[in-house]
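Here's the letter readout for the chains.
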Amino acid sequence: MIENQETLKNKRQDYREKVNQIGKKEFTLLKMQEYGFWPKNLPTPYEKQENETKEEYAQRKNLIKEYEKIINEISDLYGEKDKINEKLRELKKKYDETWDYEKIRIDVSKTIMEESIARRKERKEQRELEKRQKSEAWVKEKAKGIVFIGKGYSNLLYDKQNDEDKLLSQELPLIEDDKALAEFLGIEYKKLRFLVYHRDVVTVDHYHRFSIPKKKGGERNIAAPKSILKNAQRKILEEILSKVPVSDYAHGFLKGKSVVSGAKAHVAAKADLGEKASGVEKTHDEEKVSGEKTQLLINMDLENFFPTITFERVRGMFKAFGYSGYIASLLAMICTYCERMPIEVRGEIKYVKASNRILPQGSPASPMITNIICVKLDKRLSGLAPKYNCTYTRYADDMSFSFCEENSDLNLGRFMGLVSKIINEEGLKVNKKKTRFLRKNNRQCITGIVINNHEVGVPKKWIKTLRAAIYNANKLTRNGEVVPAKTINEISGMVSWVKSVNGERYSGIIEDGMNLINNI
């Protein structure tokens, strides 16, 4: 007996030592293998864990989570079952000695209703608490920065990462957040918040709105920004937009370019053609050039040019520069507007949204934005032009193609189809009513500049008008009468215009005009 107790004691001591050496779980598995409960050729869970891959580890963790979730659900069910049993015991105890089933039914219904009302009240209070907490969190979030700029325009505000390398390579200013943007624009932060928030109905508009008549009928809607917004747009133009390169084929709203430079590009093409056609001395070249005529000039107009440039396109442009979706959205809000119509509501004038946000025609930033957005368009059309031996230029929404050589193989239908296809693919549309085909026997004008001869000029009717104005003014002066200031200003402006187009060609009338102005 003593020997058996000693043996058991030794075994227990051996077990304790082995457990301390290899661990309780490992010892248990070892005994399971020893007694045949775990196959010896099957690795233990611990051995498997030591050799498992990342995927197997992730799978095991997911299984453990699912297992814990199921265990918790089972535990909750047992808890509910215990509550139900407790409730049943209470009811049994309460109604054990009565057979009045109607009373039991009424009491149970009343109890259920009271509990239901209590639960609804609790849920309502919980929802109100969550709503209040959400509202408080929203107020705190709004205090930190701009988190909403209007329905349909706020979807990229989460993107706050600038591409700094891209911005620096273009020498564009880094703008990290809305506070930095307000500082960059030189306006108060609260005014920035006001400028970039879109409302469908407003009582105060950021623009002066008016219409001007078009030369060929109809009206053009102009939206001129008010001073604070205009200064912000001009800052964006000077510090960002003007630093971005545009196409060489664009001649509108660019320093050193104008309607004159656009027309001269087509005259220069004729000169190049004359030089190539003649390999003799320069004087003969000049005679050859003067005899060259543009065989065909095609003038095309883009329909609803500014309204076609939407908020999304402007935002995409700023994002392409390297700005975050957040900053690009704010900049695009400053550079776009929506057309509005005034409506009187209870004696108060309100301005109601009549379009999505588009590019305003009166903004100082708009023309440069159109040039940047049309870079790809210019590249594609200028690439098409040499294939048909023609010259391409664009001034805002006016596009011109001049053909200097007579080409019997020219398929105008195919050429116009390709041009229209490119324009449509760039998100624009041709105004077919304003497309003009001008042959060499027509007066060929590009944005008001005549290119029929070997040098640019203005329409003869225009010169006749100026000459008549100078003659009438001189007549008034000779008769001792005073020439109206309005007339002098008109003559001065017309003389300056003629001089800028071709001072040498119109030197005589320019001299007459200057003499009149200087002698008054």
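Notes on the structure follow. Everything numeric here is computed off the predicted structure, so don't read it as measured data.

## Quick notes on the sheet that holds strand β4 (residues 296-301)
Then step 1. One open sheet accounts for four strands, arranged β7-β8-β4-β9; its pairing is antiparallel. Across the chains shown, the open sheet's two edge strands, defined by having one partner strand only, are β7 (390-395) and β9 (436-439). Each strand axis lies, on average, 15 degrees off the axis of its neighbour in the sheet, ignoring direction.
Then step 2. Here four bridges tie β4 to β9, and the two strands are oriented antiparallel to one another. Counterpart to Leu-297 in the pairing with β9 is Leu-438.
Then step 3. Lying over the sheet, helix α17 (residues 412-425) contacts β4, β7, β8 (398-403) and β9, oriented at roughly 30 degrees with respect to β4.

## Some thoughts on the packing of helix α7 (residues 178-185) against helix α14 (residues 325-335)
Then step 1. At a minimum axis separation of 10 Å, α7 and α14 run at an interaxial angle of 40 degrees. Taken together, the axes of α7 and α14 are oblique relative to one another. With respect to the hand of their crossing, α7 and α14 are arranged in right-handed fashion. Residues Asp-178, Leu-181 and Leu-185 of α7 lie in contact with α14, whose contacting residues are Tyr-326, Ile-327, Leu-330, Leu-331 and Ile-334.
Then step 2. Split into classes, the residues belonging to the contact of α7 with α14 amount to seven nonpolar, no polar and one charged.

## Quick notes on the packing of aromatic side chains
Then step 1. Tallied over the full model, the rule gives eleven aromatic pairs.
Then step 2. A ring pair is formed by Phe-305 and Phe-306, whose centres lie 5.7 Å apart and whose planes are at 85 degrees; its orientation type is edge-to-face.
Then step 3. A relative accessible area of 3% means that Phe-305 is categorised as buried.
Then step 4. Residue classification places Phe-306 among the buried positions, given a relative accessible area of 11%.
Then step 5. Taken together, the aromatic side chains of Tyr-249, Tyr-388, Tyr-392, Phe-401, Phe-403 and Phe-415 make up a single cluster linked through ring pairs.
Then step 6. Across the ring face of Tyr-326, the terminal group of Lys-160 is positioned such that the distance to the ring centre comes to 4.7 Å.

## What to know about the sheet that holds strand β6 (residues 348-353)
Then step 1. Spatially, three strands are ordered β1-β6-β5 in an open sheet, and the strand pairing comes out antiparallel. Every interior strand has two partners, whereas the edge strands, β1 (201-202) and β5 (340-345), have only one.
Then step 2. Summarising the sheet, β1 and β6 pair through two bridges and their orientation is antiparallel. Among the inter-strand pairings, Val-202 is bridged to a residue of β6, identified as Tyr-351.

## With respect to the nonpolar core
Then step 1. Judged by nonpolar contacts, the single largest core of 73 residues is most densely connected at Ile-240, Leu-241, Phe-318, Phe-321, Ile-369, Phe-401 and Phe-415.
Then step 2. With nine residues, α14 is the largest single contributor of residues to this core.
Then step 3. Beyond its immediate stretch of four places on either side in the chain, Ile-240 contacts Leu-172, Pro-173, Ile-175, Phe-184, Lys-235, Phe-318, Phe-321, Tyr-323 and Leu-331.
Then step 4. With 26 residues, the next largest nonpolar core counts Val-260, Val-456, Tyr-506 and Ile-509 among its residues.

## Comments concerning helix α2 (residues 24-34)
Then step 1. Where α2 is concerned, the buried positions are Phe-27, Leu-29, Lys-31 and Gln-33.
Then step 2. Of the residues trailing α2, Gly-36 is marked for its positive phi of about 85 degrees.

Scoring rules and cut-offs
Each chain has its residues counted from 1, running along the sequence as written. In view of the model being predicted, local features appear only for residues whose pLDDT reaches at least 70, and side-chain atom pairs are presented and counted only at 80 or more, with totals across whole chains, interfaces and linings using the full set of residues. Water and hydrogen atoms were dropped before computing side-chain values, which therefore reflect all heavy atoms in the structure. Note: two strands are recorded as paired if DSSP finds a minimum of 2 bridges between them. For helices the rule is a DSSP run of H or I covering at least 4 residues; for strands it is a run of E covering at least 2, with both sets numbered from the N terminus onward. Here an angle of 0 to 180 degrees is reported between the N-to-C directions of two axes, which are lines fitted to C-alpha atoms, with helices fitted over the stretch in contact. Here, residues are in contact when the closest pair of their heavy atoms is within 4.5 Å. Note that the term roughly parallel is reserved for angles under 35 degrees, roughly antiparallel for angles over 145, roughly perpendicular for angles of 65 to 115, and oblique for everything else. Crossing handedness follows the turn of the near helix against the far one: under a right angle anticlockwise gives a left-handed crossing, and clockwise gives a right-handed one. In the scheme used here, Gly and all other residues not listed as nonpolar or charged are polar, with Ala, Val, Leu, Ile, Met, Phe, Trp, Tyr, Cys and Pro taken as nonpolar and Asp, Glu, Lys and Arg as charged. When two rings of Phe, Tyr or Trp (its six-membered ring) have centres within 6.5 Å they constitute a pair, described as stacked for plane angles under 30 degrees, edge-to-face for angles over 60, and tilted for the intermediate range. Only protein chains enter the accessibility calculation, which uses a 1.4 Å probe; a residue is then buried when its area is under 20% of its type maximum, exposed when over 50%, and partly exposed in between. Placement of a positive charge over a ring is assigned whenever Lys NZ or Arg CZ falls within 6 Å of the ring centre and within 35 degrees of the normal to the ring plane. For our purposes a nonpolar core is just a set of buried Ala, Val, Leu, Ile, Met, Phe, Trp, Tyr and Cys residues, chained together by side-chain atoms within 4.5 Å.

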